[in-house]
Amino acid sequence: MPHPVMFSDDDFGLAEVRGIALSFPGAIEKISWGRPVFCAPKMFVMYGGSVKPATKGGDYVQYPHSILVKVDEVDRPALEQDDRFFFPAYIGPFGWLGMDLTAGRRGPDWTEVRELIDASYRLIAPKKFIRQLDQG
C-alpha cells in the first residue's frame, strides 16, 4: 500500500526548498514516503518529517514544514542545542536531523537552510557532482 501524499505544492517553504535543492548538480525530486525527497542519486534532503511518540501507542509529532538533512557528526552537538531542530523518526539514527521551518520569530533564514542542504549534499553526493558544484 503506497504512502498517502503528505504535502501540497503550496506548503510553506516548499518552493524555496525545492529551488535550493534542485540547484545542485545531478539533483532530482521524487515522492517517497508521501513527501518530496531530493536525491543526487541518494537522498540529501526531505521536506517534512515527524518524531516518534514518547510512549508506545502514542501519536507521531508531525513537522510538516521542515527539512530533514544529513549532518556531520562534528556539527551535530551544536545543532541539537537549537530548539528548531528535532530527531526525525526512522532516519535520525542514521545521522539525520530535522529543522522546523516555522520555528523562530522571523521565519527561516534561507541562507542557513541553503548551508544545511549544501552540507548534507556534500555528505551524500558522488565526488563528480561535488567537483561540479565547487567549479561553479
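What counts and how
The residue numbers shown here count from 1 along each chain, following its written sequence. Reporting in this predicted model follows two pLDDT cut-offs: at least 70 for local features of residues, and 80 or more for side-chain atom pairs to be given and counted; totals over whole chains, interfaces and linings ignore these cut-offs and use all residues. Based on all heavy atoms of the structure, the side-chain values leave hydrogens and waters out of the count. Burial here depends on accessible area, computed with a 1.4 Å probe over protein chains only, as a share of the maximum for the residue type. Under 20% is buried, over 50% is exposed, and the range in between is partly exposed. Helix and strand assignments follow DSSP, with helices taken as H or I runs no shorter than four residues and strands as E runs no shorter than two, numbered in order from the N terminus. Strand pairing requires that DSSP identify at least two bridges connecting the strands. The contact criterion used throughout is that any non-hydrogen atoms of two residues lie within 4.5 Å. What qualifies as a polar contact is a pair of N or O atoms within 3.5 Å, subject to a donor-acceptor requirement within protein and to the restriction that residues adjacent in sequence count only when both atoms come from side chains. All axes here are fitted lines through C-alpha atoms, helices being fitted over the stretch that makes contact, and every angle between N-to-C directions spans 0 to 180 degrees. The labels follow the angle: roughly parallel below 35 degrees, roughly antiparallel above 145, roughly perpendicular from 65 to 115, and oblique for the rest. If you view the pair so one helix is near and one far, a crossing is left-handed when the near helix is turned anticlockwise from the far one by less than a right angle, and right-handed when it is turned clockwise.

By the naming in an unreviewed UniProt entry, the chain goes by Phosphoribosylglycinamide formyltransferase and is assigned to Mycolicibacterium phlei DSM 43239 = CCUG 21000.

Draft legend 1. View of the pairing of strand β3 (residues 43-51). Counting buried positions over the 9 residues of β3 gives 8, a clear majority of the element. Hairpin connection of strand β2 (residues 35-39) to β3: 3 residues between the antiparallel strands.

Draft legend 2. View of the environment of tyrosine 90. In this structure, tyrosine 90 sits in the loop between β5 (85-86) and β6 (96-100). Expressed as a C-alpha distance, the spacing of tyrosine 90 and glycine 49, which sit 41 residues apart in the sequence, is 9.8 Å. Once residues lying within four places of it in the same chain are set aside, the contact partners of tyrosine 90 are Lys52 and Tyr60. A distance of 2.7 Å separates polar atoms of two side chains, one belonging to tyrosine 90 and the other to tyrosine 60.

Draft legend 3. Seen up close, the packing of helix α1 (residues 14-21) against helix α3 (residues 110-124). Where α1 meets α3, the axes come as close as 10 Å, and the angle between the chain directions of the two elements is 45°. Taken as axis vectors, α1 and α3 run oblique relative to one another. Handedness of the crossing formed by α1 with α3: right-handed. Residues Glu16, Val17 and Ile20 of α1 touch α3, and the partners they reach there are Trp110, Val113, Arg114 and Ile117.

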